[in-house]
Amino acid sequence: MLLLLVCMTMNVIRNLLLGLIFSASCSFGQNGRMVIAFLPVFNHQPLLLEDVFYKWNNSDRIRISGFKFYVSGIGLAQDGKLQFAESNSFHLIDAETPSSSFVHLEIPEGVVYNQLIFSIGIDSITNISGAKGGDLDPTNGMYWTWRSGYINVKLEGQSNLCKTRRNEFDFHLGGYAAPFPTIRKKVLDVLQSDSLCLEADLSKFIGGMELATQQSIMSPGKEAVALSELFIKTFAIKPK
Amino acid sequence: MKKAFVLITICAVFIAFKAMDPVLYSFPFNWPATVYNFTRNPLSEAKVQLGRALFYDPILSQDSTISCESCHSQYTAFAHVDHSLSHGIDNRIGTRNAPALMNLAWGKSFMWDGAINHLDMQALAPISNPDEMGEKIAHVVDKLQHSNIYPELYYKAYGDSLITGEQTLKAISQFLLTMVSANAKYDSVLRKESSFTAQEANGYKLFQQNCVSCHTEPLFTNQEFASNGLQVDSALNDLGRYNVTGDATDSFLFKVPTLRNIQFSNPYMHDGRFKRLHDVLKHYTTGIVHSKHLSKQLTKPIVLSASDRVDLVAFLLTLTDKTFLFNPTFSYPKDIFSYKVKE
């Protein structure tokens with residue numbers, strides 16, 4: 001009982017910390033350094049894992065147990081013309097590890113831009129080039145084992161809408177080969193700044209899904225392509 | 001422009017080979033270029049030895065009972081003798097025959113259905129399959145980090161005792177890449193160091209007439225996917241390549257396997273249904289089941305007399321490479337593991 005209490009308290013503290021980090025997040029960056037935050041949120045609030053049931057359509061509830069995705073190919077452009085591209089640009093954003101949301105860039109002086117470019121997912125060349133380290137290391141659990149390829153987006157949780165074992169849903173979106181490539185690119189208009197805050201809003205993502213009829217995607221295919229299209233649309237500059 | 005690129009690539013590969021320890025590679029020079037890009041993972045003695053230890057160590061499996069070698073033993077050309085389907089932890093049985101391992105540097109894809117696109121990623125499949133090793137690579141790395149021997153082996157190999165998944169997979173690749181089999185009697189005949197008997201020569205002629213379009217020399221596989229007219233096993237109902245592509249025309253297609261060291265790599269076929277080479281030849285001559293998936297090379301019947309079959313088998317036995325099968329550098333690394341026992 002005491003242990004349970006301690007666990008609960010720890011979770012509360014963690015979530016409080018998460019909230020603090022997210023709210024303080026958009027004030028870093030200096031001297032050619034730039035920070036881009038990819039913040040997992042639910043209806044503009046920092047996403048809380050496990051403990052929170054989000055209300056859905058009045059009577060339904062959703063709980064998120066895991067949410068991870070790859071950001072790659074980060075660049076800055078001026079009116080569509082690329083001005084800066086991060087080299088070896090692969091970042092695993094994990095809602096469980098708040099620090100993973102922040103991507104630090106070194107921008108050369110004089111780079112002028114009004115657009116941010118990034119992709120969600122891993123490109124096909126990287127997918128066929130063998131073992132990689134860092135955020136791409138297969139120990140991160142974002143690589144399929146029974147067939148080769150990165151999982152671009154992993155979303156797992158529970159909802160009463162899912163008539164599955166323990167009401168669970170799990171979406172592993174990936175696939176690099178034709179005809180079902182799932183990497184998606186986004187271009188956002190931005191104001192030049194040393195820090196940019198983006199939201200990946202799960203309420204928009206889940207709002208576009210049909211959890212009552214679709215609870216699981218575990219391999220490449222047209223379903224993964226459709227949800228990848230939906231997911232990229234959920235990214236937006238955080239409202240002030 | 002394209003020519004220049006090819007030239008640069010050749011130079012890069014050549015430099016990479018030069019940088020590698022010469023005893024580690026003995027790639028036959030009349031063979032095609034390797035598919036594996038050695039510049040991204042140049043062989044070194046310490047990394048090969050690390051990979052060799054990992055290959056033979058059951059620590060890769062959930063309960064430390066199954067190693068790679070359990071289903072890929074050297075004396076059977078790194079296949080699984082007498083077992084039609086692969087075996088895993090808790091006596092679980094898989095759905096396919098463990099293939100022989102050799103000449104993997106030339107492999108375009110791996111597994112019977114080509115589900116794996118790169119040699120580095122191959123080990124993830126058996127490690128994670130619940131019917132094989134039933135483990136997770138992250139947990140394997142954790143176990144290796146806490147073992148008596150591996151931090152030191154990784155330090156020797158990578159100059160860092162902090163173990164990663166990338167290093168682990170690349171080290172396994174390194175060992176597998178050294179497993180080149182290109183020194184069978186067939187090869188020595190091509191090098192004009194010996195000659196076929198009359199029987200073998202006739203067998204080679206028959207092979208070139210009937211088999212070579214799929215079992216292309218020098219690898220003895222074209223690495224394509226094909227249906228070879230086997231009756232579908234209704235218990236397994238394995239759709240093969242379809243499972244990877246989702247394309248109905250790929251149903252029941254499996255990768256054409258190499259025939260090198262075939263004398264020792266029985267049982268044969270993706271589900272290990274044939275025990276003897278004569279069963280295989282009987283299948284190709286009288287057992288083909290016609291379907292819309294059947295390889296077009298097999299639509300016309302292969303006719304072989306009883307003596308033709310004997311001759312063809314005689315030729316297939318010239319693909320046995322004893323310098324590969326009994327090469328001590330591929331065997332159980334006693335030295336590494338005796339150190340472990342001492343501790």
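Residues numbered from 1 in each chain as written. Chains lettered and ligands numbered in written order. Predicted model: local features only at pLDDT ≥ 70, side-chain atom pairs only at ≥ 80, totals over all residues.

*Asks:* Tell me about the overall build of chain A, residues and numbers included.
*Replies:* Of the regular secondary structure elements, chain A holds four helices and 14 strands. Taking all 240 residues of chain A together, 38% fall into the buried category. Sequence separation of 24 or more characterises 74% of the internal contacts of chain A that already satisfy a separation of 6 or more. (Helix = DSSP H or I, 4+ residues; strand = E, 2+ residues; numbered from the N terminus. Buried ≥ 20, exposed ≤ 12 C-beta atoms within 10 Å, placed from the backbone. Contact = placed C-beta atoms within 7 Å.)

*Asks:* Requested: an account of the overall build of chain B, with residues and values cited.
*Replies:* A tally of helices and strands in chain B yields 15 helices and two strands. On C-alpha atoms alone, chain B measures out to a radius of gyration of 21 Å, which is about the 20 Å that the 2.2 N^0.38 rule sets for 343 residues. Taking the principal axes of the C-alpha coordinates as reference, chain B spans close to 60 × 45 × 45 Å. Here chain B holds 343 residues, and the buried ones make up 41% of them. A separation of at least 24 residues holds for 68% of the contacts in chain B among residues at least 6 apart in sequence. (Rg over C-alpha atoms; globule rule 2.2 N^0.38 Å.)

*Asks:* Tell me about the nonpolar core, residues and numbers included.
*Replies:* Within the largest apolar cluster, 114 residues are counted, with the highest numbers of intra-cluster contacts made by Ile36(A), Phe38(A), Leu47(A), Tyr70(A), Val71(A), Leu198(A) and Ile172(B). Discounting chain neighbours no more than four positions away, the residues touching Tyr70(A) are Phe90(A), His91(A), Leu92(A), Ile120(A), Gly121(A), Ile122(A), Met142(A), Tyr150(A) and Asn152(A). With 16 residues, the next largest nonpolar core counts Ala184(B), Tyr204(B), Tyr268(B) and Phe315(B) among its residues. (Core = buried A, V, L, I, M, F, W, Y, C linked by C-beta atoms within 7 Å.)

*Asks:* An account of the packing of helix α2 (residues 45-56) of chain B against helix α8 (residues 165-178) of chain B is requested, with residue identities and associated values reported.
*Replies:* All names here are of chain B. Direction vectors running N to C along α2 and α8 enclose 95°, while the axes themselves pass 7 Å from each other. As far as their axial angle goes, α8 and α2 are roughly perpendicular. Side by side, α2 and α8 meet where Lys 47, Val 48, Leu 50, Gly 51, Arg 52, Leu 54 and Phe 55 of the first sit next to Thr 168, Ala 171, Ile 172, Ser 173, Gln 174, Phe 175 and Thr 178 of the second. In the contact of α2 with α8, the residues fall into seven nonpolar, five polar and two charged. (Axes fitted to C-alpha atoms, helices over the stretch in contact; angles between N-to-C directions. Parallel < 35°, antiparallel > 145°, perpendicular 65-115°, else oblique. Nonpolar A, V, L, I, M, F, W, Y, C, P; charged D, E, K, R; others polar.)

*Asks:* Could you give me a rundown of the interface of chain A and chain B, with the residues and numbers involved?
*Replies:* Counting residues at the interface gives 16 residues for chain A and 21 residues for chain B. When its residues are assigned to classes, the side of chain A that touches chain B shows five nonpolar, eight polar and three charged.

*Asks:* Which residues make up helix α13 (residues 306-317) of chain B, and what values go with them?
*Replies:* Over its 12 residues, α13(B) runs 17 Å from end to end, which matches the ideal 16 Å to within 8%, given 1.5 Å per residue. Buried residues along α13(B) sit against α10 (198-210) and α12 (277-287) of chain B. (Expected span 1.5 Å × (residues − 1).)

*Asks:* Go over helix α7 (residues 150-158) of chain B, please, and point to the residues and values.
*Replies:* Residue and element names in this part refer to chain B. Within α7, burial applies to Tyr 150, Leu 153, Tyr 154 and Ala 157. Taken end-on, α7 shows its buried residues confined to a sector of 100°, consistent with a single buried face. Looking one or two residues past α7, Gly 159 carries a phi angle of roughly 70°, positive in sign. (Arc of directions from axis to C-beta.)

*Asks:* An account of the packing of α10(B) against α13(B) is requested, with residue identities and associated values reported.
*Replies:* Residues and elements named next belong to chain B. Between α10 and α13, the least distance of the axes is 7 Å, while the angle of their chain directions is 95°. Classified by the interaxial angle, the pair formed by α10 and α13 is roughly perpendicular. Contacts between α10 and α13 pair Gln 199, Glu 200, Asn 202, Gly 203, Tyr 204, Leu 206 and Phe 207 from the former with Asp 308, Asp 311, Leu 312, Ala 314 and Phe 315 from the latter. Of the residues contributing to the contact of α10 with α13, the split by class is six nonpolar, three polar and three charged.

*Asks:* Can you break down the confidence of the model for chain B residue by residue, with the values?
*Replies:* With 91% of its residues at a pLDDT of at least 70, chain B reaches an overall mean of 90. For this predicted complex, the interface confidence reaches an ipTM of 0.84, while the overall pTM sits at 0.87. (pLDDT = per-residue confidence, 0-100.)

*Asks:* Go over the environment of His87(B), please, and point to the residues and values.
*Replies:* All names here are of chain B. Tracing the backbone through its elements, the reader meets His 87 in the loop between α3 (68-71) and α4 (119-122). What makes His 87 partly exposed here is the crowd of 17 C-beta atoms within 10 Å. Excluding anything up to four places from it in sequence, His 87 contacts Ser 70, Cys 71 and Ile 93.

*Asks:* A description of unusual backbone geometry should follow, citing residues and the corresponding values.
*Replies:* Here the amide bond leading from Ala178(A) into Pro179(A) is cis, since omega sits at 5°, within 30 degrees of zero. Looking at the secondary structure, you find Pro179(A) in the loop between β10 (168-174) and β11 (184-189). Here the residue pair Glu217(B) and Pro218(B) is connected by a cis peptide bond, since its omega of 0° sits within 30 degrees of zero. Not every positive phi belongs to a glycine, and Ser64(B) is a case in point at roughly 55°. Positionally, Ser64(B) belongs in the loop between α2 and α3. Under the C-beta neighbour-count criterion, Ser64(B) is labelled partly exposed, with 14 such atoms within 10 Å. We note that Met269(B) has phi near 85°; this positive angle belongs to a residue other than glycine. Among the structural elements, Met269(B) can be located in the loop between β2 (254-255) and α12. For Met269(B), a count of 19 C-beta atoms within 10 Å gives the class partly exposed.

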